[in-house]
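If you want the building blocks of each chain, they are given just below.
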Amino acid sequence: MKSSFSTAFFILIGFVLINTTAGNAQSLSEFLFGQTVQNFPAKTIDKTSEEYLDSLIVHTPLKEKIGQLFFVPAEGEFTNREDRNYKLLEEMVQKHHVGGIIFMRGDIYGQAIMTNKLQRMAKFPLWISQDMEFGAAMRVSGTTRFTPAMGVAASGDKRNAFMMGKITAIEAKALGVHQIYAPVLDVNNNPDNPVINVRSFSGDPQIVSDFGTAFMQGVQSERVVATAKHFPGHGDTDVDSHSDLPVVNYDYNRLDSLELIPFRAAIDGGIGSVMSAHIAFPNLSPTEFLPATLDSAILGSLLTDSLKFDGMVVTDGLEMKGISSKFSPGRAVVQALNAGADIMLISPDVYTAINEVEQAVEDGEITEERINKSFAKLMLWKQQYGLFDSENQVDINELDTKINTAFHEAEARRIARESITLLKNENNILPLLPSEYPEIMVVSVADDRSGRTGSDFVRELRDYHPDVTFHIYDERTSEQDKRRILNKAGDVDLIIIGSFLHLRHGQTVHLNSEQQYFLNNLVKSRKPSILVSFGNPYVLSDLKDTDAHVLGWYNSSQQIHGVVPALFGASKISAKLPIEIPGLYPLGAGLEMEHSTLRFGEPEEVHLDHEKLFEMDRIINEAIRDSVFPGAVVGIIKDGVLAYNRGYGYQDYAKTEAVRDTDVYDLASITKVMATSTAIMKLVDEGELRLDDPVANYIEEFNTDKKKAITIRDLLLHQSGLPPFRVYVDSLTGRGQIVEAIKNEPLIYEPGSEYRYSDLGMILLGEIVQKVSGSRLDRFMRNEFYFPMNMYSTFFNPASTSRWLVPRISPTEIDTIFDRGKVRGRVHDERAYFMDGVAGHAGLFSSSIDMAKYSTMLLNGGMYSGKRYLKPETIQLFTSLQSELSGRGLGFDRKSPNGFSTAGQLASEDTFGHLGFTGTSLWIDREKNMAVILLTNRTFPYRSYGKRISEIRAKVADAAFSAITN
């Protein structure tokens, strides 16, 4: 009986011991003895000390140390807890104690939440890694995407590689990522390489070194580990290691003189990690056809001994056929460890591999000391990066302040623009002028079945050209579709071929025979043609006969935003080819083209702070609330970019038609500069007119004693002696009658002695333009400027000449004097109205976009889209100070040097432009290379409204200029 009791007692104790942890020894003592005992505190070890690291090596079971060397894939997206993949991942972390995660694809919040879940369940903090060769967007949607490495090198600016690395690291760190698998340091000197291609910086090892090291420095400046790959070089192969084992038959001397140069530079620069390549180098290894990942001759003798690399060696994905088709999961890991690799990436069977490695230790095939070495490296990283001292939780609340910021996006766009490479431009087809090629056909070449490839490209082309038709040639295209495309080619003026062929594993880098046959037939249509490659640059050699060759490098929104403006001269092209395209272009080839056309962009692209521009919303919305005007459009142009263009409010106080940023307004007296003065400049440039010509040379009524000394210059300076204003239309209602009355108007002061702003002189200048050129002012400006400059919304008499514009035009007044009712699409000024809507002082309608194009032309010194419209010295003359009597230029107003100015207080002294009675203004600051446009209908419903318009103009200008950040 006693024996049975004793047995039962110790069984009970054993049960309790088994089910009780060290952490609750207090409750166990109470259970056994019914009293409280004092625990002896365990020694606390500083987690940043060597002692702590040593304790991990000593006390961690072998199997857990082996598990730490495996990094397993995870998806960064919402996953239900009951999902099988989630359960498997949970098992990998909690049971097999894998050391790290490589996130594959996902979204920002999905990956952040998954990271937090995994870190909370891990015994050891997890080391998070991810492929981010061209930014976090390579794997995480919603983050910043960059130009591929080859495009970055084409820009010629190593700072671009540094900033790409730095921004990538900022976003990676915000997501809880500690290591990124980039840069690619392979030298892409084999044009048939199916896997590296644009992932490489160049075919020149020095360029790869320079840009790869700059990228690495950018990454590691943010305390994120960069990884050089794929050692010792994957560039000169024509086999994809994802599908088979490439073999490179070069000796050490060849590698040392080419492939190893970038790796040596990165190692000397302090790179933290190197990724091995699944490539065999039989001339370097005693074992034939052994992948470098498993070869001690490569990872030991070459990487560790020769190149003196003592950082972390990570394998390329062990699931790739270059390894998995020839080695079992465990065998691959054992050989990789013995070769010198530390981290096993994406093993196809972690469970089996861990067991096989453990067995290999027991069998003496690999030592525990070897396991300890790699385990210690990883634990040291985790210690150095503070993983043991924190909960390693991604701060969800900070993600939207650090990822895809306006600055990041602006940098990505800038790099994309600078990467665009022009290699051929026969007959100066670029920059494209819509007036020369009225109808464009785009053929998008794709190797998918989505039916959408290239649509973003066409959408942006339509921002710069009014008539673009679109066809897709992909896997769905029938013979009938091909015939229809070829037939259409005969009707258009220009063909753009967009190559969107993906670089896929195991596929050729060239067009297939069917694609090449069709596209060559398309090019033979004898219409001008442009080939743009959004990906593989070597495809240019398949279509040699197109008139222009452009490299866009990748099918992404940034690259499209870079290519399209460049085609129209809206951004500078200066990139140089960082590879050789055999038989076509040598390394370093590249044509240049200046930025001469307005580009549509964002504030940060031109160093404007978008947050400061929020002040514009307050100013305009407050004015609308106070009924200064019912609606408005504000446009800001800087450095040739329409960086801000926004519509506010409604077209009238009925509030049924919202103002859009493309709406058109009656410019009133801005006509004086955008039409009349500009026409005079053109005639002066062509020698048809001289500023000091007597007006009497063109208007015989001025051939009198009092008027014969009046010159064209006097009319432009408003110091001719003519009165500022005459109604006329109370009795004269015909164009000829009004013009005749002005010609015979008596002078009210001595010409040249005073400044009196006068509509009458500008009306006469409009008539002089017609007399000299043979075309009325509206037709002259349309033919010489508006149409060739693609100013499609700029008209006199839009209600008559372009009725489609009328719904986009805000009314200017309800006229009760001349019974015109609601004045919309017809000029507000009565004299211009009775002069058939065309006069030198008023009558022009335009949009902020067209006014931005006009302003850009002036700021470019008369150049627009590669074509000269005015001489720079003529623009300088007309827009600079020309009269001490008024402080004005010739036709152009200038910022008042003292006191209040509607150009604001922050505009420089070299600011010129004009105002319009309807509530419009245009101010161009030459020093800041900037223009500010305000379009309103402050005269609606009656001209007595909008008394505060001058104050609003000044506030708008100051808000714009205050946003400049450099």
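The structure we're discussing is the one just above.
Predicted, not measured: the structure shown is a model, and the values here were computed from it.

Caption draft 1: View of the overall build of the protein chain. Check the secondary structure of the protein chain and you find 33 helices and 29 strands. Counting only C-alpha atoms, the protein chain reaches 140 × 75 × 50 Å along its principal axes. Counting over 966 residues, the protein chain shows a buried share of 60%. Total accessible area on the protein chain stands at roughly 37800 Å², and carbon and sulfur atoms take up 49% of it. When the 98 basic and 124 acidic side-chain charges of the protein chain are each reduced to a single mean position, those positions are 5 Å apart.

Caption draft 2: Up close: the sheet that holds strand S19 (residues 664-666). Spatially, the three strands line up as an open sheet ordered S19-S23-S20, and their pairing is antiparallel. Each edge of the open sheet carries a strand with a single partner, namely S19 and strand S20 (795-796). Pairing geometry for S19 and strand S23 (residues 844-847), over three bridges, is antiparallel. Looking across to S23, one finds that Asp-666 is bridged to Phe-845. Together, S20 and S23 form the strand contacts of helix H24 (residues 671-685), whose direction differs from that of S23 by roughly 115°.

Caption draft 3: Structural detail: the environment of Pro-897. Residue position: Pro-897 is located in the loop between strand S26 (893-894) and strand S27 (911-916). On the basis of relative accessible area, Pro-897 is assigned to the exposed category, the value being 68%. On a C-alpha basis, the gap between Pro-897 and Thr-911 in space is 10.0 Å, while along the polypeptide they are 14 residues apart.

Caption draft 4: Molecular detail of the layout of surface pockets. Of the volumes computed, that of the second largest pocket is approximately 750 Å³. Taken together, 31 residues form the lining of the second largest pocket, with Asp-463, Phe-600, Leu-642, Asn-645 and Ile-849 sitting closest to its centre. Looking at the lining of the second largest pocket, the elements with two or more residues in it are helix H19 (455-464), strand S18 (641-649) and helix H31 (848-859). The leading source of residues in the lining of the second largest pocket is S18, at five residues.

Conventions we followed
Residues numbered from 1 in each chain as written. Predicted model: local features only at pLDDT ≥ 70, side-chain atom pairs only at ≥ 80, totals over all residues. Heavy atoms only, no water. Helix = DSSP H or I, 4+ residues; strand = E, 2+ residues; numbered from the N terminus. Buried < 20%, exposed > 50% of the residue type's maximum accessible area, 1.4 Å probe, protein only. Areas by Shrake-Rupley, 256 points an atom, 1.4 Å probe, with all protein chains shown as cover. Lys, Arg positive; Asp, Glu negative; His and termini not counted. Charge placed at Lys NZ, Arg CZ, Asp CG, Glu CD. Pairing = 2+ DSSP bridges. Contact = heavy atoms within 4.5 Å. Axes fitted to C-alpha atoms, helices over the stretch in contact; angles between N-to-C directions. 1 Å grid on protein atoms, 1.4 Å probe; cavity = no way out; pocket = protein on both sides within 12 Å on 5 of 7 lines; lining within 4 Å. Points joined across faces, edges and corners; volume = space filled by probe spheres on them.

So yeah, pure geometry; function would need other evidence.
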